[in-house]
Amino acid sequence: MSPILEVKNLYKNYGSTEVLKDIIVSIEKGDFLVLVGPSGCGKSTLLNCIAGLEPITGGDLFIGGQNMTNVSPKDRDIAMVFQSYALYPTMTVAKNITFGMKVRGIDQATQDAKLKHVSTQLQIEPLLHRKPGQLSGGQRQRVAMGRALVRDPKLFLFDEPLSNLDAKLRVEMRTEIKALHQRLGASMVYVTHDQIEAMTLATKIVVMKGGVIQQIGTPAEIYNRPANLFVADFMGSPAMNLIPAKTKKNGKGTQIEIARNNADPIVLTEKRSTDLPENIIIGVRPEDIVDAAFARTDDTQQADCMIDIVEPAGADTFAVMQLGGKHVTARLHAETTAAAGTSQRLAFDLGKVSYFKPETGLRLN
Amino acid sequence: MTDMSYAPTRTQSPTTKLVLRFVLYILLALFALFYLMPLFVMITTSLKSLDEIRTGDLVSLPREVTFDAWRTAWSSACTGIQCEGVRPYFLNSLLIAIPAVLISTIIGALNGYVVAQWKFKGANIFFALLLFGCFIPFQVVLLPMAIVLGKLGISGTIPGLIFVHVIYGLGFTTLFFRNYYVSIPSELTKAAMIDGAGFFRIFWSIFMPLSLPIIVVSVIWQFTQIWNDFLFGVSFSQAGTQPVTVALNNIVNSTTGVKEYNVDMAAAIIAALPTLLVYVVAGKYFIRGLTAGSVKG
Ligand SMILES: Nc1ncnc2c1ncn2[C@@H]1O[C@H](COP(=O)(O)OP(=O)(O)OP(=O)(O)O)[C@@H](O)[C@H]1O
Ligand SMILES: [Mg+2]
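Residues numbered from 1 in each chain as written. Chains lettered and ligands numbered in written order. Predicted model: local features only at pLDDT ≥ 70, side-chain atom pairs only at ≥ 80, totals over all residues. Heavy atoms only, no water.

With that settled, the discussion passes to the overall build of chain A. Tallying secondary structure elements over chain A gives eight helices and 21 strands in all. Considering only C-alpha atoms, chain A reaches an extent of 75 × 45 × 35 Å along its principal axes. Looking at chain A as a whole, 51% of its 365 residues qualify as buried. Taking the contacts inside chain A whose residues are at least 6 apart along the sequence as the reference set, 66% of them involve residues at least 24 apart. For chain A, the accessible surface area stands at approximately 16,100 Å², while carbon and sulfur atoms represent 51% of it. Charge centroids of chain A, computed over 42 positive and 39 negative side chains, lie 5 Å from each other. (Helix = DSSP H or I, 4+ residues; strand = E, 2+ residues; numbered from the N terminus. Buried < 20%, exposed > 50% of the residue type's maximum accessible area, 1.4 Å probe, protein only. Contact = heavy atoms within 4.5 Å. Areas by Shrake-Rupley, 256 points an atom, 1.4 Å probe, with all protein chains shown as cover. Lys, Arg positive; Asp, Glu negative; His and termini not counted. Charge placed at Lys NZ, Arg CZ, Asp CG, Glu CD.)

See below:
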C-alpha cells in the first residue's frame with residue numbers, strides 16, 4: 001500500500017527567501033508524525049503546503065498515493081486544527097462542527113448523527129449551542145478538534161493545537177490526543193515546538209531547523225542517536241550534555257579525556273573499537289551520569305566530581321558541575337548525598353554515548 | 001472615608017470637583033445651544049406665516065403654528081418654471097441614493113474582502129490606487145465623467161447618477177471594509193477553505209455575519225455623501241432627474257415675488273430629514289454592532 005503522505009523534494013520560497021529546502025518525508029497509515037523545531041524554522045509553512053493553503057515552489061506532494069501538488073485544499077481529504085483554533089465566531093459550536101458537511105451538501109440526518117458522535121467523544125455536548133466567544137481555551141481546542149474529527153479524513157494536520165493552553169491542561173489534552181490517535185488509528189501530522197509533546201505523541205519525529213530537515217526517526221532514535229549537535233541539544237529536557245574532549249588510542253580502546261578546572265582530567269575508556277578523531281564532542285544524557293552508589297555496576301566508569309549546584313526536582317535531583325568548560329547536568333537519585341560545593345563520586349554510563357565532530361557537528365558513532 | 005489605603009497623591013477636594021463639573025456642563029450647554037440655534041430658527045420660522053415673519057422677531061416662538069409652509073414646500077413650491085414642490089426631487093434622491101448606497105457597499109465589501117484576505121499579486125498597488133481615488137477632488141472628475149456617461153448613453157438619467165456615486169464611493173467603502181477585514185485572522189479563511197467552502201461561500205457565511213458594524217458605517221457614510229451631494233447632482237442631471245439638493249437650491253433662488261422664508265426653511269428641513277433619520281436609526285445599531293460582534297474565536 002502506498003504511503004498516506006509523501007512529500008518529495010519540496011521547496012518553498014517567499015519571494016527570494018527560501019523557507020523550506022528539499023523536504024523529503026513520508027508517513028504510513030496510522031503514523032503520528034511530529035514536526036519539531038525552533039520558532040520560524042518553517043513548521044507551519046510545511047503544514048500549510050501539505051494542506052494546499054500555500055502554493056509550493058518546487059517538488060511534489062502525494063496524499064493517499066495521489067499527486068495532490070496542484071489540488072485545492074478542499075479536495076485533498078485532510079482536516080486541520082489551527083494554532084488559534086480559527087473557530088467561526090458567529091456560528092454556534094454545533095454549526096462550527098457541521099459547517100464543512102453543510103458546504104459539501106451532506107444530508108441533515110448524517111450531519112446530526114456525526115455531530116452527536118463527535119460531541120460525545122469529545123464531551124462537548126453541553127456546549128453545542130454556545131458561540132466560540134463563550135468558551136474557555138480548552139473548550140475551544142476541543143471544538144476545533146471536533147471540527148476536524150467529523151470529517152473523517154485521510155490525514156489530520158495539527159498546528160500547535162496545545163500552545164495556547166496552560167501547562168496542566170496541555171498535559172491533559174496531550175494524553176487525550178494520544179488516546180484519540182490510538183482509538184482512531186488515524187494518520188496525523190502534528191506541529192509543535194515543545195519537544196516533550198513531540199516525544200510523547202510521535203511515532204515518528206521530524207526535527208527541522210532553518211527550513212532544513214535535521215533528522216527523521218522514531219522518538220527513541222532521535223533521543224538516543226541524535227544525528228547532529230542541533231538535534232542533540234534540542235531534544236530532551238534537561239538537554240544532553242555536550243562536552244568537548246580529546247581522544248588517545250591505546251591497546252584497550254580509546255581514552256577520552258575531559259579537561260577540568262582545578263583537577264585532573266576525567267579519563268573515560270571507550271572499549272568499542274570506534275575510530276574517533278583527536279578532538280571530539282561527547283554527548284551524554286543527564287540520566288547517564290548518576291550517583292556511583294546507585295549505579296548499575298557493570299558498564300559504568302566512575303570519577304569524583306565537584307558539584308556546583310544541586311536542583312531537587314522531586315523524583316530526581318539534578319546536579320550541575322563544570323566539565324570541559326561546560327555546565328554538565330547529572331541526574332542523581334532523589335536521596336543523593338550530593339551537596340553544592342562538595343565532591344561526589346559519579347558513574348558515567350557510556351553505553352548510549354554520542355560522539356560528534358566539532359567542525360561539522362555531525363554524529364561520529 | 002476610613003479605608004484610604006490607596007489614594008492618588010494629588011486629590012481635589014469634593015467642592016473643587018463639583019465646581020469644575022458645573023463649569024464643564026455650562027460650557028457644554030453653551031456649545032449645544034450654539035449649534036442648535038440655527039435648527040431652532042429653521043423650525044420656528046417654517047411654522048410661522050409670512051406676515052408673522054415680516055413683523056416678528058427672528059428667534060421668537062410662532063404666535064400661531066401653521067403647516068402651510070410645509071405643505072407648499074412639499075407639493076407646490078416653485079423650482080424655476082415648475083411648481084410641484086420638492087416631492088418629485090425627493091423621490092429622485094431616494095431613487096439615486098438607495099441603489100447607489102447598496103451597490104457601493106456590496107462592491108466595497110467584496111473589494112475589501114479580496115484585498116484583505118486573498119492576497120493576489122499587486123494587491124497593494126490596487127489598494128493604493130483605490131485609496132488615491134478617495135482623494136481626487138469632485139471637480140477633477142466632472143468632465144471625464146460627463147464623457148463616460150455620454151458614451152454609456154446614460155447622461156442625465158437616474159442610472160447615470162447612481163453610476164457616478166457608486167464609482168466615486170467605491171474608494172471609501174473598499175477602504176472601510178478592507179481595514180475591518182484585515183483584523184480578521186486569515187486562519188479563518190484557511191479553515192473554511194479546508195472545510196470545502198469557496199470564495200463566495202466564505203464571504204457570505206463567515207465574513208458577512210461579522211460585518212454589521214462596518215456595513216452600518218459604510219451605509220451612513222455613503223448615504224450622507226450621496227444624499228447631500230450637490231455638484232454631481234447639478235452637473236449630471238436634467239429637468240426630470242434632479243435630486244432634492246438641486247431642487248432646494250432652485251426654490252431658494254427662484255426670486256419671483258416675495259421671499260418665502262418659511263417655505264425655504266421647511267424645504268431645507270425636508271431635504272435634511274433622511275440623513276437625520278439614518279443617523280438616529282442606524283447610529284443605534286452602530287453602537288450595538290460594535291459591542292456585540294466579537295471577532296475573537
Ligand atoms: N507570508 C510570508 N512571507 C514571507 N515570509 C514568511 C511568510 N510566512 C512565513 N514566512 C517566514 O517563513 C519562516 C517560517 O515560518 P513558519 O511560520 O513556518 O515558522 P514556524 O516554524 O511555524 O514558527 P513558529 O514555531 O513560531 O510557529 C519564517 O522565517 C517566517 O518569517
Ligand atoms: Mg507556526
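Resuming the write-up.
So, on to helix 5 (residues 123–134) of chain B. Residue and element names in this part refer to chain B. An ideal rise of 1.5 Å per residue puts 16 Å on twelve residues; helix 5 measures up with 17 Å between its terminal C-alpha atoms. All of the buried residues along helix 5 are Ala123, Phe127, Leu130 and Cys134. Axial view of helix 5: buried residues confined to an arc of 65°, hence all on one face. Away from the buried face of helix 5 by more than 90 degrees, exposed residues Ile125, Leu129 and Phe132 are located. (Expected span 1.5 Å × (residues − 1). Arc of directions from axis to C-beta.)

Further remarks concern the site of ligand 1. Residues and elements named next belong to chain A. In the vicinity of ligand 1, the contacting residues are Tyr14, Val19, Ser39, Gly40, Cys41, Gly42, Lys43, Ser44, Thr45, Glu160 and His193. Taking Gly42, its main chain carries an N or O atom lying 2.9 Å from an oxygen atom of ligand 1. Between ligand 1 and Glu160, the relevant distance is 3.2 Å, taken from an oxygen atom to a side-chain nitrogen or oxygen of the residue. In the complex, 57% of the free accessible area of ligand 1, which totals 640 Å², lies under the protein chains. Ranked by residues supplied to the shell around ligand 1, first place goes to helix 1 (residues 43–51) with three residues. (Near = heavy atom within 4 Å. Polar contact = N/O pair within 3.5 Å; in protein donor to acceptor, adjacent residues only side chain to side chain.)

A few words now on the side chain of Asp288 of chain A. Residues and elements named next belong to chain A. With respect to the helices and strands, the residue Asp288 is situated in the loop between strand 14 (279–284) and strand 15 (289–291). With no salt bridge to any partner, buried Asp288 finds its closest opposite charge in Lys352, at an N-O distance of 4.7 Å. When neighbours within four sequence positions are excluded, Asp288 is seen to be in contact with Ala347, Phe348, Asp349 and Lys352. (Salt bridge = Lys/Arg side-chain N within 4 Å of Asp/Glu carboxyl O.)

What follows is about unusual backbone geometry. Peptide bonds are trans in most cases, and residues, glycine excluded, mostly fall at negative phi. All names here are of chain A. A cis amide bond links Ser237 to the next residue, Pro238, at an omega of -5°. Along the chain, Pro238 turns up in the loop between helix 8 (229–234) and strand 11 (241–250). Positioned with a positive phi, Asn9 is a non-glycine residue whose angle comes to about 45°. Overall, Asn9 belongs to the partly exposed group, its relative accessible area being 38%. A positive phi is found at Glu160, a non-glycine position, where the angle reads about 40°. Turning to its location among the elements, Glu160 is positioned in the loop between strand 7 (155–159) and helix 5 (167–184).

Right, let's talk about the domain arrangement of chain A for a bit. When the parts come together, some accessible area is lost, and that loss is often what is quoted as the size of the interface. Residue and element names in this part refer to chain A. Annotation of chain A at the domain level lists domain 1 (5–234) and domain 2 (241–356). Each of domain 1 and domain 2 has a C-alpha centre, and the two are 39 Å apart. Summed over both sides, the interface of domain 1 with domain 2 buries roughly 690 Å², with 57% coming from carbon and sulfur. Per-residue buried area on domain 1 facing domain 2 is highest for Tyr223, Asn224 and Leu229; these three make up 67% of the total on that side. At the boundary of domain 1 and domain 2, one finds zero salt bridges. Across the domain 1-domain 2 interface, the total number found is two residue pairs in polar contact (both at pLDDT 80 or more). Secondary-structure elements contributing two or more residues to the side of domain 1 that touches domain 2 are helix 7 (219–224) and helix 8. Split by residue class, the side of domain 1 that touches domain 2 holds six nonpolar, two polar and one charged. (Domains from an automatic or database assignment. Buried area = accessible area lost by both parts, 1.4 Å probe. Nonpolar A, V, L, I, M, F, W, Y, C, P; charged D, E, K, R; others polar.)

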